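Here are the chains, one letter per residue:
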Amino acid sequence: MGRHLEFDIPTAKKAAIKLFWSKGYQAATLDLLCERMQIGRSSFYATFKDKESLFIECLDTYLEGINKDHLRISKGGISVENIREAYLTNFVHTQNPRANMGCMMANIAVELADVDDELVKILRDKLQVMDTWRIEWFVQMGCPQPLAKRLGNYLSVFTEGLQISSRRKISRAQLQEVIHTGFDFLAAEVHTVDKSLA
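This structure is a prediction, so every number in the text was calculated from the model and none was measured.

### Re the overall build of the protein chain
Across its full length, the protein chain carries 9 helices and 0 strands. Going from the N terminus to the C terminus, the protein chain shows its helices and strands as α-α-α-α-α-α-α-α-α. Considered along the principal axes of its C-alpha atoms, the protein chain spans approximately 70 × 35 × 35 Å. Counting over 198 residues, the protein chain shows a buried share of 43%. In the protein chain, the share of contacts with a sequence separation of at least 24, taken over all contacts with a separation of at least 6, comes to 70%. Of the roughly 11,300 Å² of accessible surface on the protein chain, 53% is carried by carbon and sulfur atoms.

### Points about the nonpolar core
Core analysis: the biggest nonpolar cluster contains 39 residues, and F20, M37, L54 and M105 have the highest contact counts within it. Elements supplying a minimum of two residues to this core: α1 (9–23), α2 (30–37), α3 (41–48), α4 (51–75), α6 (104–112) and α7 (117–140). The residues touching L54, leaving out its near neighbours within four places in the chain, are K13, A16, F20, L33, M37, F44 and F48. Within the second largest apolar cluster, 27 residues are counted, among which are V80, I83, F138 and L175.

### Overview of the packing of α1 against α2
With their axes 8 Å apart at the nearest point, α1 and α2 run at an angle of 135 degrees to one another. Between α1 and α2, the interaxial angle falls into the category oblique. You can see that α1 and α2 cross each other, and the crossing is right-handed. Contact residues: α1 offers A12, A15, A16, L19, F20 and K23, while α2 offers L32, L33, R36 and M37. Considering only residue class, the contact of α1 with α2 consists of 8 nonpolar, no polar and 2 charged.

### Things to note about the packing of aromatic side chains
Across all of its chains, the model carries 11 aromatic pairs by this definition. Relative to Y62, the ring of W21 has its centre 5.1 Å away and its plane inclined at 85 degrees; by these criteria the two rings are edge-to-face. With W21 in helix α1 and Y62 in helix α4, the pair connects residues that are 41 residues apart, well separated along the chain. For Y62, a relative accessible area of 12% corresponds to the buried category. Chaining the aromatic ring pairs together yields one cluster made of Y87, F91, Y154, F158, F183 and F185.

Quick notes on the rules
- Residues numbered from 1 in each chain as written.
- Predicted model: local features only at pLDDT ≥ 70, side-chain atom pairs only at ≥ 80, totals over all residues.
- Heavy atoms only, no water.
- Helix = DSSP H or I, 4+ residues; strand = E, 2+ residues; numbered from the N terminus.
- Buried < 20%, exposed > 50% of the residue type's maximum accessible area, 1.4 Å probe, protein only.
- Contact = heavy atoms within 4.5 Å.
- Areas by Shrake-Rupley, 256 points an atom, 1.4 Å probe, with all protein chains shown as cover.
- Core = buried A, V, L, I, M, F, W, Y, C linked by side-chain atoms within 4.5 Å.
- Axes fitted to C-alpha atoms, helices over the stretch in contact; angles between N-to-C directions.
- Parallel < 35°, antiparallel > 145°, perpendicular 65-115°, else oblique.
- Left-handed = near helix turned anticlockwise from the far one by under 90°.
- Nonpolar A, V, L, I, M, F, W, Y, C, P; charged D, E, K, R; others polar.
- Phe/Tyr/Trp six-rings, centres within 6.5 Å; stacked < 30°, edge-to-face > 60°.

This is a description of form; function is not addressed.
What follows is the structure, given as structure tokens:
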């Protein structure tokens with residue numbers, strides 16, 4: 001009979017996510033992970049197998065949280081203004097200390113570029129899920145597929161730029177100005193489609 005686990009797996013994974021998010025993949029050593037997760041090495045190996053397996057589990061948990069944000073945006077009806085408000089809430093009007101940490105997946109994809117092709121591919125595939133959501137938003141706004149793809153890809157790159165800038169701790173006023181500029185452009189593009197359909 002296997003030994004009873006003496007720790008809460010979701011709580012341990014939450015601690016691992018915080019560490020990966022703040023320090024990156026490479027700096028999150030096994031010793032540091034065990035310390036933050038408050039587990040011993042034998043429990044770590046018995047539960048998660050290795051650091052990479054734990055990281056992939058953490059990515060899935062992290063993506064579930066992002067999916068909740070996506071559903072919250074979608075719930076209000078997809079429009080450029082609703083998405084703008086969500087970005088202002090997440091980047092400017094938030095009190096969440098993680099707002100200055102960027103996106104864990106994007107941070108680590110940059111860190112591991114040209115270092116670990118296998119993990120970068122996994123990260124790229126998971127980031128692609130978010131890219132697909134953004135393209136779908138513009139389809140729902142009535143944009144033809146080629147334009148929706150162009151605007152969705154623009155929003156993905158724009159978002160990564162905001163995340164990196166917030167990690168650099170640029171002022172909230174600057175972030176707000178950049179968000180308004182980006183969404184004014186998107187609104188004008190979608191408005192052009194609306195006028196052509198009228």
